[in-house]
Amino acid sequence: MKSAGIALLAASALVGGVVLWQALRPTPLPPPSAAHVQLETDRLHAEAGRSPPSLPSREAMNQAAVRTTKEAMARGDDETRAGYAAGIFYGAYLANTRARPAWCRRHGVDLAPFVKAYEATHGEELTRALAIFARAGLTPEQFTRVDAQLAELVEQDMRDLVRDTHLPPRQACALYNEKASEFARAITLPPEVHQALFSAH
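Starting afresh in each chain, residues are numbered from 1 along the sequence in its written order. It should be noted that, the model being predicted, local features are given only for residues of pLDDT at least 70 and side-chain atom pairs only at 80 or more, the latter also being counted only at that level, while totals for whole chains, interfaces and linings use all residues. Side-chain metrics rest on all non-hydrogen atoms present in the structure, leaving aside hydrogens and water.

Re the overall build of the protein chain
Note on conventions: DSSP H or I runs of at least 4 residues are helices, E runs of at least 2 residues are strands, and numbering of each starts at the N terminus. Scanning the protein chain from N- to C-terminus turns up 10 helices and 0 strands. Along the protein chain, helices and strands appear, N-terminal first, in the series α-α-α-α-α-α-α-α-α-α. Within the protein chain, the proportion of its 201 residues that are buried is 50%. Per-residue accessibility takes into account occlusion by the displayed protein chains alone, with areas from the Shrake-Rupley method and a 1.4 Å probe. Of the roughly 9,000 Å² that the protein chain leaves accessible, carbon and sulfur atoms contribute 55%. Throughout, exposure labels follow a simple rule: accessible area from a 1.4 Å probe, protein chains only, divided by the maximum for the residue type, with under 20% read as buried, over 50% as exposed, and the rest as partly exposed.

So, the nonpolar core
Among the buried residues, those of types Ala, Val, Leu, Ile, Met, Phe, Trp, Tyr and Cys that are joined through side-chain atoms within 4.5 Å form a nonpolar core. By size, the foremost hydrophobic cluster in this structure holds 45 residues, and its most contacted members are Phe114, Tyr118 and Met158. Contributing elements (two or more residues each) for this core: α3 (57-73), α4 (78-106), α5 (112-121), α6 (123-135), α7 (147-165), α8 (169-178), α9 (180-186) and α10 (191-199). Here this core gets 14 residues from one element, more than from any other, and that element is α4. If sequence neighbours within four positions are ignored, Met158 has contacts with Arg100, Trp103, Cys104, Ala172, Cys173 and Tyr176. We call two residues in contact when some of their heavy atoms are within 4.5 Å.

A closer look at unusual backbone geometry
In the Ramachandran plot, His166 falls in the positive-phi region, its phi being about 60° despite a non-glycine side chain. Positionally, His166 belongs in the loop between α7 and α8. Taking relative accessible area as the criterion, His166 reaches 70% and is therefore assigned exposed.

Section: the state of the cysteines
Disulfide assignment relies on a single distance test, namely cysteine sulfur atoms paired within 2.5 Å. In total, this model carries 1 disulfide according to the counting rule given. With a sulfur-sulfur separation of 2.1 Å, Cys104 is cross-linked through a disulfide to Cys173. Torsion about the S-S bond of the Cys104 and Cys173 cystine: about -90°, corresponding to left-handed handedness. In this pair, Cys104 is assigned in helix α4 and Cys173 in helix α8, connecting sequence segments 69 residues apart. Taking the relative accessible area as the measure of exposure, Cys104 reaches 0% and is therefore buried.

As for the packing of α4 against α5
Under this scheme, a helix contributes an axis fitted over its contacting stretch, all axes are lines through C-alpha atoms, and angles between N-to-C directions fall in the 0 to 180 degree range. One way to put it is that α4 packs onto α5 with a least axis distance of 9 Å and a crossing angle of 165°. Relative to α5, α4 is oriented roughly antiparallel. Between α4 and α5 lies a crossing of left-handed hand. Listed contacts from α5 to Phe89, Ala92, Tyr93, Asn96, Thr97 and Pro101 of α4 are Phe114, Val115, Tyr118 and Glu119. Here the word oblique covers every angle except those under 35 degrees (roughly parallel), over 145 (roughly antiparallel) and from 65 to 115 (roughly perpendicular). What makes a crossing left-handed is the near helix being turned counterclockwise from the far one by less than a right angle; a clockwise turn instead makes it right-handed.

Such coordinate-based values are descriptive only and should not be taken to indicate function.
Right under this line is the structure:
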């Protein structure tokens, strides 16, 4: 079950992040619009569709997003890459502290134990990401416009989890609380993203 939470590692996380900074452009863009985020989501779905048909959609999306992440981390200067990395992390943060709990709440499960574990595990990355956003003149409140897209990706992710585990939604959600620390530690940034997040000054 280690992979249950990792699906959003780069997939939905990348959606909220890649659109914030363009490669080779050190000046940050305005906060992403819903339409822009939807375009990035569609692009990831399209790329995932080119994966071998035997791959589950969650894994295909993850692989497509990881490829895009690696490409982003290979371009631009340290500050540009740090911006990408901050966006990627913050997309994962919102998905796992806001979108996923909202989905499970609709199925009668409070994910507070998982959220607490996730926030405790990733506090250092959050502090770093918010500092990078502040340098760019962005605030966390400006990211609420991507809520609908993150909710859609979490919906697909959880449906895939329900299908793969043969568990009803309530029990699938309960896994996140039962394995809160394990899942929180498992949802990590790729090494190159982590390095970019902490390399810029």
